[in-house]
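# Structural overview
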Amino acid sequence: MADKTEISVKEEISEERSETESEMSGQDSEIKSEQDFEIKSEQDSEIKSEQDFEIKSGQDSKSEAESEIEISSEIKTETKIRTDTEIGTDTEIGTDTEIGTDTEIGTDTEIGTDTEIGTDTEIGIETETETDSESESASNPNEREVVFDAENLSFAYPGGSPILKNIDLKIYKGDFTIIVGLNGSGKSTFAYHLNGLLRPTSGSMKVFGKDTKSRKNVSAIHREVGIVFQNPYMQFVGNTVEEDVAFGPENLGLARDEIKQRVSNVLETVHLKDLSYQDPSTLSGGEAQAAAIAGVLAMDPECIVFDEVTSMLDIAAEDRILKVIDELRERGKTLVYISHNPKDLLKADRIIVFEKGEIAFDGGLSEYISSGKYRLPDMVELLRYLRENGIDVSETTADPKAAAEEILKQIGQTEHNEQIEHNEQIEHNEQIEHNEHVNHNEQIGHNEQIEYNDQNEQNKQVDRNEQFEQNEQNGNTYGKSI
Ligand SMILES: Nc1ncnc2c1ncn2[C@@H]1O[C@H](COP(=O)(O)OP(=O)(O)OP(=O)(O)O)[C@@H](O)[C@H]1O
């Protein structure tokens, strides 16, 4: 029997946040204090019998205006039929009673009773075989696994007009999908649907096959899908950066050493080690974004939704985050990235454009470029200009160095070759000149030698004549008759 006590449940807090958002928008009439988010405890007990039965129970309680007790029991048999029992009690203004039963053929029964004052009790009994979308896709290995599946999804904030309209969209495992669109087009609202923070007003959203409409599914979905919010201060729950980042892994029930290691690694990654003990609410905008990213990375979820997370980062910090994203892609994570920066499009497997709550475009980068309707990354503009002027470079080269090499191949290389030829010619000419010069010098030397020899000869003759004259004067004819 294992018994452990944990402080805090991050995904529940996310739910609370969402509720708070809803409350702000008037979706829910109740008013909650900030302390709702702060105090949580969870107690899990696990009993495993020799018959391979597993019984788990967890108890959550919260302070202040709201208290919640959640007890979950899980019984697992060798036949892989699992029974989940969840009992939650909320004491707050407003009462909700929900009883749900899920069976393996997908029957979901919910009985709800609302009264004005009282208790929120949720009893969920879920009986299902361990068959989910993963095993479904395993039956057809060529079919890519669907992670997010929105079907005819529409959403309106309470009292408002529809923000999302009839969205049909499947996002596949391992893809890096970028969502772009003008301000207010519904990108963030859609992002909140990806982990059940918001639920469709009509239609459905399934994550790994689990419908976000069922509250029982939402906490499991929170473990698989992390969201980094546009406003990072929305997601802090710890008193220090370190505590905040540790919050998620603690909630996953990881061992203390593992948590320590993860926290240390992610703080290193986002360069926030020096601020480990700072209150996250006092961080600068960019630091807060980095800390929020660290908090999600520490949980290592299967999917991460980034909602304009680099908007406040300096260039170096942005580069670090983009590098992290590259690594996450290499590890096969499913990433949804909301951005206003056209340069991000170059990395995308898929681009989705939102316009007034609808999907106006859904496709790859080449299609996006050739549609001619949207703002393009600067480099694509440059390459396009070169193409239009007869230089055959690809428009979709994401890496500036690769683009430069392509351009060089087309024009630079030719010029380069011409330059080489030119240089060789110069060298050749210089050599000739040099040789000519040498020859010339040699000629001069030769002539000088001749002159020298002539002079020598001449001098010798003069000497001889003078000797002759001298001899004659001396009467010495050396046997010669005159
Ligand atoms: N809690 C809310 N209550 C009512 N309306 C809301 C709420 N949150 C957002 N909206 C409205 O929903 C629309 C879509 O907002 P959303 O934040 O999803 O857009 P966005 O595309 O992410 O915009 P941005 O690029 O500016 O971040 C906007 O008109 C916004 O005013």
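Here, every reference points to the structure presented above.
The structure contained in this document is the topic of the report that follows. (Residues numbered from 1 in each chain as written. Predicted model: local features only at pLDDT ≥ 70, side-chain atom pairs only at ≥ 80, totals over all residues. Heavy atoms only, no water.)

## Considering the pairing of strand 10 (residues 202-207)
Judged from the five bridges that link them, strand 7 (residues 146-156) and strand 10 form a sheet pairing that is antiparallel. For Glu151, the partnering residue across the bridge sits in strand 10 and is Ser204. If you look at the hairpin formed by strand 10 and strand 11 (residues 210-211), you'll find two residues sitting between the two strands, and Phe208 has a positive phi there, around 50°. (Pairing = 2+ DSSP bridges. Helix = DSSP H or I, 4+ residues; strand = E, 2+ residues; numbered from the N terminus.)

## Observations regarding the sheet that holds strand 9 (residues 176-181)
Ordered by their spatial adjacency, six strands build an open sheet running 12-13-14-9-15-16, and the pairing between neighbours is mixed. Only two strands of the sheet have a single partner each, and these edge strands are strand 12 (225-228) and strand 16 (358-363). Recorded for the sheet is a direction-independent mean angle of 15° between the axes of neighbouring strands. Helix 4 (residues 215-224) rests against strand 12 and strand 13 (303-307) of the sheet, and its axis sits at about 70° to strand 12. Strands in contact with helix 8 (residues 315-330) are strand 9, strand 13 and strand 14 (334-338); relative to strand 14, the strand with the most contacts, it is inclined by about 150°. (Axes fitted to C-alpha atoms, helices over the stretch in contact; angles between N-to-C directions. Contact = heavy atoms within 4.5 Å.)

## Let's talk about the pairing of strand 7
As defined by bridge partners, strand 7 adjoins strand 8 (residues 162-172) across seven bridges and the pair is classed as antiparallel. Residue Leu153 lies in a different strand from strand 8, and its bridge partner there is Ile167. Hairpin geometry of strand 7 and strand 8 is characterised by an intervening segment of five residues between the two adjacent antiparallel strands and by a positive phi of about 80° at Gly159.

## Thoughts on helix 5 (residues 241-251)
Across the 11 residues that make up helix 5, a large majority, eight, are buried. Where helix 5 is concerned, the buried positions are Val241, Asp244, Val245, Ala246, Phe247, Gly248, Pro249 and Asn251. Of the residues trailing helix 5, Gly253 is marked for its positive phi of about 80°. (Buried < 20%, exposed > 50% of the residue type's maximum accessible area, 1.4 Å probe, protein only.)

## Here's the deal with the packing of aromatic side chains
Both the distance between ring centres and the angle between the ring planes are used here to describe each pair of aromatic rings. Across all of its chains, the model carries nine aromatic pairs by this definition. Each ring, one from Phe155 and one from Tyr157, has its centre 4.8 Å from the other, and the planes form 85°; the classification is edge-to-face. What makes Phe155 buried here is its relative accessible area of 2%. When the ring of Phe176 is compared with that of Tyr337, the centres are 5.7 Å apart and the planes differ by 55°; the resulting orientation is tilted. With a gap of 161 residues between them, Phe176 in strand 9 and Tyr337 in strand 14 connect regions that are remote in the sequence. Judged on exposure class, the residue Phe176 and its partner Tyr337 are both buried. An aromatic cluster is built from Phe176, Phe306 and Tyr337, whose rings are joined through pairwise contacts. (Phe/Tyr/Trp six-rings, centres within 6.5 Å; stacked < 30°, edge-to-face > 60°.)

## Points about the sheet that holds strand 11
Read across the sheet, four strands follow the order 8-7-10-11 without closing on themselves; strand pairing throughout is antiparallel. Every interior strand has two partners, whereas the edge strands, strand 8 and strand 11, have only one.

## Some details on the site of the ligand
Around the ligand lies a shell of 14 residues, among which Gly184, Lys187, Ser188, Thr189 and His340 are the nearest. Within the backbone of Ser185, an N or O atom sits 3.1 Å from an oxygen atom of the ligand. A distance of 2.8 Å is found between an oxygen atom of the ligand and a side-chain nitrogen or oxygen belonging to Lys187. Here the ligand loses 64% of its free accessible area of 640 Å² to cover by the protein chains. Broken down by element, the residue count for the shell around the ligand peaks at three residues, all from helix 3 (residues 187-193). Classifying every residue of the shell around the ligand by side-chain character gives three nonpolar, nine polar and two charged. (Near = heavy atom within 4 Å. Polar contact = N/O pair within 3.5 Å; in protein donor to acceptor, adjacent residues only side chain to side chain. Areas by Shrake-Rupley, 256 points an atom, 1.4 Å probe, with all protein chains shown as cover. Nonpolar A, V, L, I, M, F, W, Y, C, P; charged D, E, K, R; others polar.)

## What about helix 6 (residues 256-269)?
Three or four residues apart is the spacing at which side chains of an α-helix point the same way, because the helix has 3.6 residues per turn. The end-to-end C-alpha distance of helix 6 is 20 Å, a good match for the 20 Å that 14 residues give at a rise of 1.5 Å each. Among the residues making up helix 6, those that are buried are Ile259, Arg262, Val263, Val266 and Leu267. Viewed end-on, helix 6 has its buried residues packed into an arc of 120°, placing them on one side of the element. Residues of helix 6 that are exposed and point over 90 degrees away from its buried face: Asp257 and Lys260. A positive phi of about 60° marks His271, the residue just after helix 6. (Expected span 1.5 Å × (residues − 1). Arc of directions from axis to C-beta.)

## Thoughts on the nonpolar core
Counting residues in hydrophobic clusters, the biggest one holds 56 residues, and the most contacted among them are Phe306, Ile351 and Tyr368. The element contributing the most residues to this core is helix 7 (residues 285-297), with eight residues. If we skip the residues at most four places from it in the chain, Tyr368 touches Leu345, Ile351, Val353, Phe361, Tyr374, Arg375 and Leu376. Among the nonpolar cores identified, the runner-up in size contains 29 residues, and Ala191, Ile221, Phe229 and Ile338 belong to it. (Core = buried A, V, L, I, M, F, W, Y, C linked by side-chain atoms within 4.5 Å.)

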